[in-house]
Amino acid sequence: MPAIFLPFRNHLEARHVPGLLLSRDPVRRWLDFGLDLLFPPRCAGCGRVDSIWCAICAQEVERLPFPAVRSLSTSASLQAVAVTGLHEGRLQQGLWALKYENIRQIAVPLGQRLAARLADTSWTIDTLVPVPLHIDRQQQRGYNQAALLASAVSEVTGIPMLSQALERQIDTRSQVGLNAEERQANVQDAFRARPDLIAHQTILLIDDVYTTGATLEACAQAVLEAGASAVYGLTVTAARG
Ligand SMILES: [Zn+2]
């Protein structure tokens, strides 16, 4: 069960991210301090009053072993895909908080895990590209969780991220409840990549969850059509199956 938050709680928590919303105004900082006393942050993993991602959950996630890289003989476009774990437990809770509870700071520890997974591969990546949301959905949510994850990976690895390199042109319906073939049809031709940004580069696509791989495959196709030399995929979790 994900922790339940007061509706305005997460907005307040944003100030705990260094440089994000931290106010330099001393009055505002005292106000923030007071709000912390009134509404102490809760961990998105275990729910205990501590921080948005407590040390125990962070350590638990850090110690989870990485599953093997999948070489995709079935994929025409992706060289390989790596994930950092199954879509369960703390990783699932962390992604839930990132996507649906507006706790954007969780992208930092999850991004560090992505970077550690990437460091374990032999891939040489030129550019990170987050899987885009359709502009309508992004405006609704206020952010793209995959871009936050990619940005955290970029921070750790120094590999540049280009969030404008790939666009979702069609607002595809949710993939939930669709089988593999339906998912493929649903996202086919939904993406368009910019040749001026990614031609002749090795691209790493970053997303939150790997389900059937239909979305990553459609993105990889678009990126290759735009002239990229090779494409890999990296996600926080993979659904069982
Ligand atoms: Zn916790």
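Residues numbered from 1 in each chain as written. Predicted model: local features only at pLDDT ≥ 70, side-chain atom pairs only at ≥ 80, totals over all residues. Heavy atoms only, no water.

## Notes on the coordination of the zinc ion
Coordination of the zinc ion by the protein is provided by Cys 43 (SG), Cys 46 (SG), Cys 54 (SG) and Cys 57 (SG), with metal-donor distances spanning 2.2 to 2.3 Å. Taken together, the 4 donor atoms coordinating the zinc ion span angles of 107 to 114° at the metal, a pattern that classifies the geometry as tetrahedral. Taken in sequence order, the residues that donate to the zinc ion follow the motif C-x2-C-x7-C-x2-C. With relative accessibility at 29%, the residue Cys 46 sits in the partly exposed group. (Donors = N, O, S within 2.8 Å, 3.2 Å for Na, K, Ca; no water. Tetrahedral: all angles 85-135°; square planar, octahedral: opposite > 155°, others 65-115°. Buried < 20%, exposed > 50% of the residue type's maximum accessible area, 1.4 Å probe, protein only.)

## Examining the pairing of strand β7 (residues 230–238)
For β7, the tally of buried residues reaches 9 of 9 residues, placing the bulk of the element in the interior. As paired strands, strand β2 (residues 80–86) and β7 are joined by 5 bridges and run parallel to one another. Within β7, the residue paired with Gly 85 across the bridge is Thr 237. The β-α-β motif built from strand β6 (residues 202–210), the intervening helix α10 (residues 214–225) and the parallel element β7 has right-handed crossover chirality. (Helix = DSSP H or I, 4+ residues; strand = E, 2+ residues; numbered from the N terminus. Pairing = 2+ DSSP bridges. Right-handed = clockwise from strand over helix to strand, strands pointing away.)

## Section: the packing of helix α4 (residues 89–100) against helix α5 (residues 107–119)
In the contact formed by α4 and α5, the axes pass within 10 Å of each other and the chain directions differ by 130°. The angle between α4 and α5 places the two elements in the oblique class. The two elements α4 and α5 meet at a crossing, and its hand is left-handed. Packed against α4, whose contacting residues are Leu 91, Gly 94, Leu 95 and Leu 98, the element α5 presents Ala 107, Leu 110 and Arg 113 at the interface. (Axes fitted to C-alpha atoms, helices over the stretch in contact; angles between N-to-C directions. Parallel < 35°, antiparallel > 145°, perpendicular 65-115°, else oblique. Left-handed = near helix turned anticlockwise from the far one by under 90°. Contact = heavy atoms within 4.5 Å.)

## Here we look at α10
For α10, with 12 residues, the first-to-last C-alpha span of 17 Å sits near the 16 Å given by 1.5 Å per residue. Counting buried residues along α10, 9 of its 12 residues qualify, which places the element largely inside the surrounding structure. Along α10, the residues classified as buried are Ala 214, Thr 215, Leu 216, Glu 217, Ala 218, Cys 219, Ala 220, Ala 222 and Val 223. Following α10 by one or two positions, Gly 227 has its phi on the positive side, about 105°. (Expected span 1.5 Å × (residues − 1).)

## Structural notes on the pattern of salt bridges
Applying the stated criterion to the full structure yields 3 salt bridges. Notably, a salt bridge pairs Arg 90 with Glu 60, separated by 3.4 Å at the nearest N-O pair. Residue Arg 90 is found in helix α4, and its partner Glu 60 is found in helix α3 (residues 55–63); the two are separated by 30 residues along the sequence. By relative accessible area, which is 40% here, Glu 60 ends up partly exposed. The closest approach of N and O atoms between Arg 194 and Asp 196, which form a salt bridge, is 2.7 Å. What makes Arg 194 partly exposed here is its relative accessible area of 37%. According to the relative accessible area criterion, Asp 196 is exposed, its value standing at 57%. (Salt bridge = Lys/Arg side-chain N within 4 Å of Asp/Glu carboxyl O.)

## Thoughts on the confidence of the model for the chain
Close reading of the predicted structure is inappropriate where its pLDDT is low. Considering every residue of the chain, the mean pLDDT works out to 85; 89% of them sit at 70 or more. When the elements of the chain are averaged for pLDDT, helix α1 (residues 9–13) gives the smallest value, 40, and strand β3 (residues 127–130) the largest, 98. (pLDDT = per-residue confidence, 0-100.)

## A word on a nonpolar patch on the surface
On the surface, Trp 30, Phe 33 and Leu 37 cluster together into a nonpolar patch covering about 420 Å² of accessible area. Within the secondary structure, Trp 30 sits in helix α2 (residues 26–38). Its relative accessible area of 63% is what places Trp 30 among the exposed residues. (Patch = residues over 30% accessible without salt bridge, like charges linked within 9 Å, V, L, I, M, F, W, Y side chains within 5 Å. Areas by Shrake-Rupley, 256 points an atom, 1.4 Å probe, with all protein chains shown as cover.)

## Re the environment of Thr 121
As for its position among the elements, Thr 121 is in the loop between α5 and β3. Spatially, the C-alpha atom of Thr 121 lies 8.0 Å from that of Val 69, the residues being 52 residues apart in sequence. Within the structure, the side chain of Thr 121 is placed 2.7 Å from the backbone oxygen of Leu 118, a separation counted as a polar contact. (Polar contact = N/O pair within 3.5 Å; in protein donor to acceptor, adjacent residues only side chain to side chain.)

## Here we look at the nonpolar core
Trp 53, Ile 106, Trp 123, Ile 125, Leu 149, Leu 204 and Ile 206 are the most contacted members of the largest nonpolar core, which has 33 residues in total. Elements that contribute at least two residues to this core include exactly α3, β2, α4, α5, α7 (145–157), β6 and β7. In this view, Trp 123 contacts Val 69, Ala 80, Val 81, Ala 82, Leu 118, Leu 204, Tyr 232 and Gly 233; residues no more than four positions away in its chain are not counted. The next biggest cluster of nonpolar side chains, apart from the first, holds 27 residues, and it includes Val 129, Ile 203, Val 223 and Ala 228. (Core = buried A, V, L, I, M, F, W, Y, C linked by side-chain atoms within 4.5 Å.)

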